[in-house]
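Now for the letters of each chain:
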Amino acid sequence: MNNLFQILSYLTIFFVLSLSASTASAGLKVETTTQDLAAITKAIGGEHVDVHSLTLGTRDPHFAVARPSMIRRVYRADLLVVIGADMEIGWLPPLLQSARNHRIQPGNPGYLDLSRVVPLLGKTKGPIDRSMGDVHTKGNPHYWLDPANGIYIANAIAKRLVQLDPGHATAYQANLKTFKQVLNRKLSKWKKDLEHLKGKPVITYHKSLIYLANAFGFQIVDEVEPKPGIAPSAASLNNLMTRIKNENIKLLLIEPYYERRSAEYLKQQTGIQVIVIPQSVGAQTTIKTYVELFDAIVNILSSTGKN
Ligand SMILES: [Zn+2]
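Given the structure is predicted, the values throughout are model-derived calculations rather than measurements. (Residues numbered from 1 in each chain as written. Predicted model: local features only at pLDDT ≥ 70, side-chain atom pairs only at ≥ 80, totals over all residues. Heavy atoms only, no water.)

Caption draft 1: Representation of the coordination of the zinc ion. Distances from the zinc ion to its protein donors, His-62 (NE2), His-136 (NE2), His-142 (NE2) and His-206 (NE2), fall within 2.0 to 2.1 Å. In this structure, the zinc ion is coordinated by 4 donor atoms arranged in tetrahedral fashion, with angles at the metal of 103 to 126°. All donor residues of the zinc ion come from one chain, and their arrangement in sequence is H-x73-H-x5-H-x63-H. Pair noted here: His-62 is in the loop between strand 2 (49-53) and helix 3 (68-76) and His-206 is in the loop between strand 5 (201-204) and helix 7 (210-216), with a separation of 144 residues, a long-range link. His-62 sits in the buried class, given a relative accessible area of 6%. (Donors = N, O, S within 2.8 Å, 3.2 Å for Na, K, Ca; no water. Tetrahedral: all angles 85-135°; square planar, octahedral: opposite > 155°, others 65-115°. Helix = DSSP H or I, 4+ residues; strand = E, 2+ residues; numbered from the N terminus. Buried < 20%, exposed > 50% of the residue type's maximum accessible area, 1.4 Å probe, protein only.)

Below, the structure written as C-alpha cells:
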C-alpha cells in the first residue's frame, strides 16, 4: 500500500513537472525593458510569445535596480527588447553581464534596440558632456509617446520575431497588420480630440513629452527640470514662474513618479493647471495596451487647456 502510494506520488510529481516544462517552452521567451514594449510585443507575438517587462510602468524607466529575479529572467530569454538611447544605461549593462546569456547580448539576433529604428528627436550635435544633464545625451529616448513611432516599433519587433521564429511568420505578420490598422484609425480620432491644443505653449516636468507634443501639435516651451535628470532649484523655479506669467502658459504636464512640490508651487504662484500624464502602459492599472495608453492620455488632455 505504501509502495503504491509512493509510486502514485512520483507519478504526480512527474506529471506536474512535465506540465510546467511544456508551458514554459510554449513560445519565444521575450523580456522587454518597459511595459510599453511588452504590450506591443504581445500584440504582435500573441500566443506564440511569452512576454514579460523588466520594469513597471509606474516607475521612472531611467532608474531601475538589477534584481536577482531580473537576472534569472534575462538568463532564460530568447529575445531582449530595449528602448536604447541610454534610457537603461544605469541598470541594463550590469544585468546583461550578470545574466551570461550570449543570445541576448548586443549585436546578436536576440537583442533588439528600438532606438535604432525610430527617428529620434533632440539629438545633440558636437561633443557631449555632463553639463547637458544626466540623461538624453544620445537623443530623446521617450519616443513611444508618439503613436506614429509605435508603427516603427511594431515593424521592428515583427521582423525580429519572424527571424527568430519563422514557423509563426504568418501569424506575426497578420497581427502586425491588425495592430497598424487599429493604431492608424485611432490616431486620426486622437488628433481630432486634441485639436484645441494645437500651437498651445505647455511646460513639462522632464523633457519626456516632446514626441507627444510633436504628434498632437502643442509646443513645449520649457521644463521644470533645468536639465534632464537635474532637480529644479529655487532660482530656476522663480525664472519659470516669471515665464509662465509673462507668456500666459496655462498647462503643466508631469509624470506620476516625479515629485509634485515644484509643480504645486508653480500652480499656487501662477494658477497654471497641473495635469498628471500616465506616460506608459501600466502607469494606471486600466492601461494594458499601447492603444489604451493613448486613449487614457487623450482622455485626460481632451478636457484641459480649452480656455
Ligand atoms: Zn528622460
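Caption draft 2: Geometry of the nonpolar core. If you look at the biggest cluster of nonpolar residues, it comprises 57 residues, and the most contacted ones within it are Ile-44, Leu-114, Ile-153, Ile-157, Leu-212, Phe-216 and Leu-253. Those elements that place two or more of their residues in this core are strand 1 (28-32), helix 2 (35-45), strand 3 (79-82), helix 5 (147-164), helix 6 (169-193), helix 7, strand 7 (251-254) and helix 10 (290-301). No other element matches the 8 residues that helix 10 contributes to this core. There are two domains that each give this core at least three residues, and those are domain 1 (21-184) and domain 2 (190-301). Discounting residues that sit within four places of it in the chain, Leu-212 has contacts with Leu-145, Phe-218, Phe-294, Ile-297 and Leu-301. Among the nonpolar cores identified, the runner-up in size contains 16 residues, and Ile-249, Ile-254, Tyr-257 and Ala-263 belong to it. (Core = buried A, V, L, I, M, F, W, Y, C linked by side-chain atoms within 4.5 Å. Domains from an automatic or database assignment. Contact = heavy atoms within 4.5 Å.)

Caption draft 3: Spotlight on the sheet that holds strand 6 (residues 219-223). Ordered by their spatial adjacency, 4 strands build an open sheet running 6-5-7-8, and the pairing between neighbours is parallel. Whereas interior strands pair on both sides, the edge strands pair on one side only; in this sheet they are strand 6 and strand 8 (273-276). Taken pair by pair, the neighbouring strands of this sheet meet at an average axis angle of 35°, ignoring direction. Relative to strand 8, strand 7 runs parallel, the two being bridged by 4 bridges. Note on strand 8: the bridge partner recorded for Leu-251 is Gln-273. Seen against the sheet, helix 8 (residues 234-247) touches strand 5 and strand 6 and runs at an angle of roughly 150° to strand 6. (Pairing = 2+ DSSP bridges. Axes fitted to C-alpha atoms, helices over the stretch in contact; angles between N-to-C directions.)

Caption draft 4: Spotlight on the sheet that holds strand 2. Taken together, the 4 strands give an open sheet; going across it, the order is 2-1-3-4, and neighbouring strands pair in parallel fashion. Among the strands making up the open sheet, the edge pair consists of strand 2 and strand 4 (111-113). The sheet shows a mean angle of 20° between the axes of neighbouring strands, taken without regard to direction. The strands touched by helix 2 are strand 1, strand 2 and strand 3; relative to strand 2, the strand with the most contacts, the crossing angle is about 170°.

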